[in-house]
Amino acid sequence: MITVVGGINMDLSLRMARFPQPGETLGDAQLFRNAGGKGANQAHAIARLGGQVRLIGAVGDDSGGEELLSGFHKWSIDTAGVFRKTNTSTGTAVIFLDAEGQNEIVVAPCANAMLTVDDVASQRASIASSQAVVANLESPVSAVREAFRIARTNRVVTLLNPAPWKGCFDLLEGTDWLIPNENEAEQISGQSMKTEGDAAAAASRIRSMAAGLRVAITLGPRGVWIDSPEFVGRVPGFRVTPVDTVGAGDTWVGAFATELTRAQSIPAAARF
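Scope of this entry: the structure provided in the associated data block. Because the structure is a prediction, the values reported are computed rather than measured.

Cut-offs used in this document
- Residues numbered from 1 in each chain as written.
- Predicted model: local features only at pLDDT ≥ 70, side-chain atom pairs only at ≥ 80, totals over all residues.
- Heavy atoms only, no water.
- Helix = DSSP H or I, 4+ residues; strand = E, 2+ residues; numbered from the N terminus.
- Buried < 20%, exposed > 50% of the residue type's maximum accessible area, 1.4 Å probe, protein only.
- Contact = heavy atoms within 4.5 Å.
- 1 Å grid on protein atoms, 1.4 Å probe; cavity = no way out; pocket = protein on both sides within 12 Å on 5 of 7 lines; lining within 4 Å.
- Points joined across faces, edges and corners; volume = space filled by probe spheres on them.
- Nonpolar A, V, L, I, M, F, W, Y, C, P; charged D, E, K, R; others polar.
- Phe/Tyr/Trp six-rings, centres within 6.5 Å; stacked < 30°, edge-to-face > 60°.

**Brief notes about the environment of Thr86**
Tracing the backbone through its elements, the reader meets Thr86 in the loop between β5 (78–85) and β6 (91–97). Assessed through its relative accessible area of 53%, Thr86 is described here as exposed. Sequence-wise, Thr86 and Asp61 are 25 residues apart; in three dimensions their C-alpha atoms are separated by 5.3 Å. What Thr86 contacts, discounting residues up to four positions off in sequence, is Asp61 and Met114.

Here it is as structure tokens:
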């Protein structure tokens with residue numbers, strides 16, 4: 001089993017030909033309403049690949065929270081670790097999508113920000129018996145830190161998608177795999193990310209920040225740069241015509257974690 005700790009949102013997506021300029025109104029967008037949040041996305045990817053997954057997170061006591069929980073059950077995601085928080089809304093993301101498939105996202109955390117250390121501690125048995133714990137930073141850092149503490153105590157592999165990056169360098173000490181995108185890798189390392197050489201330098205610099213840390217920097221269409229004792233190099237991406245890039249990185253994280261627990265080699269897991 002894989003345990004995922006992270007954000008759960010209701011996504012409101014607006015698809016348009018182009019993004020508006022400051023102060024400009026566009027009147028031809030299409031509206032879509034979908035389940036989202038990095039935790040939910042990553043758990044969904046694992047479930048879709050046949051993995052057993054428990055999600056730890058929080059939703060509000062509104063209709064959105066009820067709708068999301070119902071969807072998780074249909075996807076065979078274990079929701080014993082999803083807490084209903086009273087007097088608050090479920091997290092919401094407003095997403096702009098342009099004709100090229102690129103996105104701009106603004107998130108209101110709401111219930112996500114109310115996940116506590118005690119909530120996570122109540123899931124100790126699940127975390128301790130997992131093959132891996134995947135986390136992102138749409139949940140409070142204190143909650144992620146507790147999940148990783150339990151995982152490390154029980155020799156469970158930890159994977160951190162540091163999005164959004166919150167400057168929590170101490171969390172790297174409890175992380176086996178750090179999986180940032182280019183923007184996050186630049187924030188963490190201080191290294192610009194214009195070339196493949198930049199990605200290699202950033203990954204090497206990040207690895208040096210904590211003993212035993214492995215790094216996988218997702219590079220969009222260029223694939224992923226990996227720096228680990230077992231493999232160093234770029235695993236290329238696939239050439240596609242993008243339709244919607246929302247959740248692409250989350251899907252990759254979920255798939256990578258799933259394949260690692262199936263004892264695939266690092267390049268094979270990354271390519272999958």
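So, next bit.
**Remarks on the layout of surface pockets**
With a probe scaled to a water molecule rolled over the atoms, the places where space remains empty come into view. Reported here for the second largest pocket is a volume of approximately 300 Å³. Lining the second largest pocket are 14 residues, with Ala35, Asn41, Asp244, Val246 and Gly247 sitting closest to its centre. For the lining of the second largest pocket, the leading source of residues is helix α1 (residues 38–48), giving four residues. Classifying every residue of the lining of the second largest pocket by side-chain character gives four nonpolar, seven polar and three charged.

**A word on the packing of aromatic side chains**
One pass over the full model with this rule turns up four aromatic pairs. On the basis of an interplanar angle of 15 degrees and a centroid distance of 4.7 Å, the ring pair of Trp252 and Phe256 is categorised as stacked. Placement of both Trp252 and Phe256 in helix α8 (residues 248–261) is noted, with a separation of four residues, approximately one turn of the helix. Classification of Trp252 by relative accessible area gives buried; the value is 17%.

Honestly, it's all geometry; don't read function into it.
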